[in-house]
Amino acid sequence: MIAENLQFLNNRITQICERNNRKPENVKLIAVSKNFGIDAINQAIKAGQFNFGENRAQELVSKFEILGNKVIWHFIGNLQKNKVKYAVKTAEYIHSVDSFSLAEEIQKSSAKIEKVQKVLIEIKTSGEETKSGVTNKTEVERIAEYCWNAPNLDLLGLMTIAPFTNDKNLIRKSFSYLRNLKEELNDKGYSLKELSMGMTNDYEIAIEEGATMLRIGSAIFGERIYNQ
Ligand SMILES: *Cc1c(COP(=O)(O)O)cnc(C)c1O
């Protein structure tokens, strides 16, 4: 099932890219494997999937202990400062830098193991209280400047989660806001390339609005079952 889902999804991504004059190789699919086990991940690997996303440090570490660098790991969840070292040890990319102090902590942790950590700044574009991400533009610039100059950080772009709604215009607004923000920063001298946006329910709009990284879980692995 996972192999079929991946094939279906990759075909759709290619079609959407073609319709929008975009190159499919510029849109990276990250399979969000949170709450799914090694078996599911192995099925995806066998089907050719190479990038995986996790949102909890502990879960990522335990999967990393088994799979190591056989795949590329993306940390996409809320990152507590005391868990930073685990994310830095395992994740090629951290998508969820949502505060200045978290950026400092990631720099410190990366320096310790002489790593240059790829990071994205998470922006709250939805206005939803429950979601994390930076809202204030001055603060975004302050964090971007820090990450850009930090010796052990490689700032690649911006990430967002669209509002949870059926209103396509609201979703589109959130993604286009992120794209414009990236362009504004680039006008100020940065050269950010990545826009991490688009999940199972909104990846089509995300591609239309310029996403370069899609984080997709349920369309690949099925509905997640959360144990309380
Ligand atoms: C779970 C999660 C996803 C994937 O969500 P789906 O709707 O299952 O595709 C993407 N991004 C983040 C940050 C997530 O936590």
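1. Looking at the environment of Gly77
- Its location among the elements puts Gly77 in the loop between strand E3 (72-75) and helix H4 (84-90).
- Look at Gly77 and you get buried, because its relative accessible area is 7%.
- Setting aside its immediate chain neighbours within four residues, Gly77 contacts Glu54, Asn55 and Ser96.

2. Quick word on the environment of Val84
- Within the element layout of this structure, Val84 appears in helix H4.
- Note on Val84: relative accessible area 1%, which makes it buried.
- Separated by 36 residues in sequence, Val84 and Leu120 have C-alpha atoms that sit 14 Å apart.

3. Details of the packing of aromatic side chains
- Within the structure shown, the criterion is met by four aromatic pairs.
- Ring centres of Phe100 and Tyr146 lie 5.0 Å apart, and the angle between their planes is 55°; on these two criteria the pair is classed as tilted. Remark: Tyr146 occurs in helix H6 (residues 137-149) and Phe100 occurs in helix H5 (residues 100-112); sequence separation between them is 46 residues.
- In this structure Phe100 comes out as buried when scored by relative accessible area, which is 16%.
- Measuring from centroid to centroid gives 5.3 Å for Trp148 and Tyr190, while their planes differ by 80°, and the two rings are edge-to-face. One end of the pair, Trp148, is in helix H6; the other, Tyr190, is in the loop between helix H7 (168-187) and strand E7 (194-196), with 42 residues separating them in the sequence.
- Using a relative accessible area of 35% as the deciding quantity, one classes Trp148 as partly exposed.
- On the accessibility criterion, Tyr190 (13% relative accessible area) is buried.
- The ring of Phe100 has Arg142 sitting right over it, with the charged end atom 4.0 Å from the ring centre.

4. Considering the pairing of strand E8 (residues 213-216)
- Neither face of E8 is left uncovered, since the one carrying Met213 and Arg215 and the one carrying Leu214 and Ile216 both have all their residues buried.
- Bridge count between strand E1 (residues 28-32) and E8: four bridges; the pairing is parallel. Following the sheet pairing, Ala31 is matched in E8 by Ile216.

Analysis parameters
- Every chain begins its residue count from 1, and numbering advances along the sequence as written.
- In keeping with the predicted nature of the model, local features appear solely for residues at pLDDT of at least 70, side-chain atom pairs appear and are counted solely at 80 or more, and the whole-chain, interface and lining totals rest on all residues.
- With hydrogens and water set aside, each side-chain value is computed from the structure's full complement of heavy atoms.
- By the criteria applied, helices consist of DSSP H or I runs no shorter than four residues and strands consist of E runs no shorter than two, each listed in order from the N terminus.
- Each residue is placed in one exposure class: buried if its accessible area under a 1.4 Å probe, protein chains only, is under 20% of its type's maximum, exposed if it is over 50%, and partly exposed if it falls in between.
- Any two residues whose heavy atoms approach within 4.5 Å are treated as being in contact.
- Each pair of aromatic rings taken from Phe, Tyr and Trp, with Trp reduced to its six-membered ring, is defined by centres within 6.5 Å and is described as stacked if the planes are under 30 degrees apart, edge-to-face if over 60, and tilted in the remaining cases.
- Any Lys NZ or Arg CZ found within 6 Å of a ring centre and within 35 degrees of that ring's normal is scored as a charge over the ring.
- Note: two strands are recorded as paired if DSSP finds a minimum of 2 bridges between them.

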